[in-house]
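Residue-level structure breakdown
Residue-level listing of the chains:
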Amino acid sequence: MTQVTNTPYEALEVGQTASYSKLVEERDIQLFAAMSGDHNPVHLDAEYAKATMFKERIAHGMFSGALISAAVACELPGPGTIYIGQQMTFQKPVKIGDTLTVRLEILEKLPKFRVRIATRVFNQRDELVVDGEAEILAPRKQQIVTLTELPPISIG
C-alpha cells in the first residue's frame with residue numbers, strides 16, 4: 001500500500017514543482033484502447049502505422065493526458081484535487097517503449113482555492129511531447145491517504 005500526502009491550497013507556492021514518470025508499454029496501449037474505445041489503427045496495427053507519417057505505432061495522445069491527471073491527483077497537489085480544465089498541445093509522438101515524465105509547476109494561485117499549473121510531458125530524451133496548463137481546485141486541508149491497489153489485469 002502506498003500512502004500519499006497532499007499539499008493543501010495554503011501550502012502551495014508559485015514555482016513549486018513535482019514529477020511523475022511511466023514507461024509506455026504494449027499493455028498500456030491495449031488497455032487504453034479498450035477503456036477509451038479509441039481503436040485507431042495507428043495505435044494498434046503495425047502494418048497500418050508503417051504507412052503513416054509516424055512510420056510506426058504511437059500511443060494515444062490522451063494517454064499522456066491521463067498521466068497528467070495522475071500526476072495532479074497523486075503528486076501535486078494530490079488527493080482531494082478537483083480538475084476544472086486542461087489545455088494541451090501535442091508536440092511529438094509518443095512511442096511504445098518511451099518513458100514519459102510529467103513535470104508540474106505551480107504558476108499562479110487564484111481566489112477560491114483555484115490554481116494554475118503548467119503540465120508538461122517529456123520523453124526519455126528530454127524532448128517535450130505535450131505542453132499544457134491545468135486549472136484545478138486545490139484541497140482545502142492536508143490529508144494522508146492510502147492509494148487503492150489495483151488488481152492485476154490480463155489482456156487476451
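Each value, and the rule that gives it
Residues numbered from 1 in each chain as written. Predicted model: local features only at pLDDT ≥ 70, side-chain atom pairs only at ≥ 80, totals over all residues. Heavy atoms only, no water. Pairing = 2+ DSSP bridges. Helix = DSSP H or I, 4+ residues; strand = E, 2+ residues; numbered from the N terminus. Axes fitted to C-alpha atoms, helices over the stretch in contact; angles between N-to-C directions. Buried < 20%, exposed > 50% of the residue type's maximum accessible area, 1.4 Å probe, protein only. Contact = heavy atoms within 4.5 Å. Salt bridge = Lys/Arg side-chain N within 4 Å of Asp/Glu carboxyl O.

- The protein chain is annotated in an unreviewed UniProt entry as MaoC family dehydratase of Pseudomonas synxantha.

**Some details on the sheet that holds strand E2 (residues 17-23)**
- Taken in spatial order, the five strands of this open sheet run E2-E4-E5-E6-E3, and their pairing is antiparallel. What marks the edges here is a single partner per strand, and that holds for E2 and strand E3 (82-90). Across the sheet, the axes of successive neighbouring strands diverge by a mean angle of 20°, strand direction being ignored.
- Pairing between E2 and strand E4 (residues 99-109): seven bridges, direction antiparallel.

**Re the side chain of Thr7**
- Positionally, Thr7 belongs in the loop between strand E1 (2-5) and E2.
- According to the relative accessible area criterion, Thr7 is buried, its value standing at 15%.
- Not counting residues up to four positions away in its chain, the partners in contact with Thr7 are Leu12, Gln16, Leu76, Pro77 and Pro139.

**Regarding the pattern of salt bridges**
- In the structure shown here, the tally under the stated rule is 10 salt bridges.
- A salt bridge links Glu26 to Arg57; the nearest nitrogen and oxygen atoms lie 2.8 Å apart. Highlighted residues: Glu26 in helix H1 (residues 26-36) and Arg57 in the loop between helix H3 (46-50) and helix H4 (61-74), separated in sequence by 31 residues.
- Residues Asp126 and Arg103 are paired through a salt bridge, measuring 2.5 Å at the closest nitrogen-oxygen approach. On the criterion of sequence distance, the pair formed by Asp126 in the loop between strand E5 (114-122) and strand E6 (128-137) and Arg103 in strand E4 is long-range, its members being 23 residues apart.

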